[in-house]
Amino acid sequence: MGFAPRERRDRTPNPPEAMALITLDLHPVFRSDRAIDTALRQTLFKAAATGVDVVQIIPGKGTGQLKKRVLAVLAQKHLRKLYVRVETDPTNAGRILVHLK
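Please read all numbers here as calculations on a predicted model, not as lab measurements. (Residues numbered from 1 in each chain as written. Predicted model: local features only at pLDDT ≥ 70, side-chain atom pairs only at ≥ 80, totals over all residues. Heavy atoms only, no water.)

Caption draft 1: Broad picture of the environment of Val98. Along the chain, Val98 turns up in strand S4 (residues 96-100). Judged by its relative accessible area of 0%, Val98 falls in the buried class. When the C-alpha atoms of Val98 and Tyr83 are compared, they prove to be 6.7 Å apart, with 15 residues separating the residues in sequence. Aside from chain neighbours lying at most four places away, what touches Val98 is Leu44, Asp53, Val54, Val55, Ile57, Leu74, Tyr83, Arg85 and Val86. (Helix = DSSP H or I, 4+ residues; strand = E, 2+ residues; numbered from the N terminus. Buried < 20%, exposed > 50% of the residue type's maximum accessible area, 1.4 Å probe, protein only. Contact = heavy atoms within 4.5 Å.)

Caption draft 2: Region of the structure containing helix H1 (residues 33-50). Its 18 residues place the ends of H1 26 Å apart at the C-alpha level, agreeing with the 26 Å of an ideal helix rising 1.5 Å per residue. Along H1, the residues that are buried comprise Ile36, Asp37, Ala39, Leu40, Thr43, Leu44 and Ala47. Relative to the axis of H1, the buried residues are bounded by an arc of 165° and lie together on one face. What points out from H1, more than 90 degrees from its buried face, is the exposed set Arg34, Gln42, Lys46, Ala49 and Thr50. Taken together, the buried residues of H1 touch strand S1 (21-25), strand S2 (54-58), helix H2 (65-74), helix H3 (77-80) and S4. Taken from the residues just after H1, Gly51 is the one with a positive phi, measuring 80°. (Expected span 1.5 Å × (residues − 1). Arc of directions from axis to C-beta.)

Caption draft 3: Just the pattern of salt bridges, in detail. A complete count under the given rule lists four salt bridges for this structure. Note that Asp33 and Arg69 form a salt bridge whose closest N and O atoms lie 3.9 Å from each other. With Asp33 in helix H1 and Arg69 in helix H2, this pair connects stretches of sequence that are 36 residues apart. Linking Arg69 and Asp37 is a salt bridge whose minimum nitrogen-to-oxygen distance equals 2.7 Å. Linking Arg69 in helix H2 with Asp37 in helix H1, this pair joins segments that are 32 residues apart in sequence. For Asp37, a relative accessible area of 14% translates into the label buried. The network of salt bridges with shared partners includes Asp33, Asp37 and Arg69. (Salt bridge = Lys/Arg side-chain N within 4 Å of Asp/Glu carboxyl O.)

Caption draft 4: Broad picture of the sheet that holds S4. Strand order across the open sheet formed by four strands is S1-S2-S4-S3, with mixed pairing between neighbours. Taken across any chain shown, the strands that pair with only one partner, and hence form the sheet edges, are S1 and strand S3 (83-88). Between one strand and the next, the sheet's axes are offset by a mean angle of 20°, whatever the strand orientation. Sheet topology note: the S1/S2 ladder contains five bridges and is parallel. (Pairing = 2+ DSSP bridges. Axes fitted to C-alpha atoms, helices over the stretch in contact; angles between N-to-C directions.)

Caption draft 5: Expanded view of the nonpolar core. Membership of the largest hydrophobic core comes to 21 residues, with the highest contact counts inside it found for Leu26, Leu44, Ile57, Leu74 and Val98. Broken down by secondary-structure element, the contributors of at least two residues to this core are S1, H1, S2, H2 and S4. If one sorts the elements of this core by residue count, H1 sits on top with five residues. (Core = buried A, V, L, I, M, F, W, Y, C linked by side-chain atoms within 4.5 Å.)

These figures capture arrangement, not role.
Written out as structure tokens, the structure is:
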């Protein structure tokens, strides 16, 4: 009578599913409104096409003008169709999270 070997069980609970994340750092293009708009659009369309869950946008802290610009671009009707919600990080004023559909 043979015994089957015991399967080794991992004692750690299953980790939550990892969310796909793309980060867009706007520091290199902060001086050009056209470059900001283009970078935002390209990143959002790429993320939506590849099934990414969250886009992290880094406008930086600064005076807050770039953050306002990013939020205004995200509020455009054709871009709102791509995401569920926009979240500004309460612990980091220089970060915006866009949760895609």
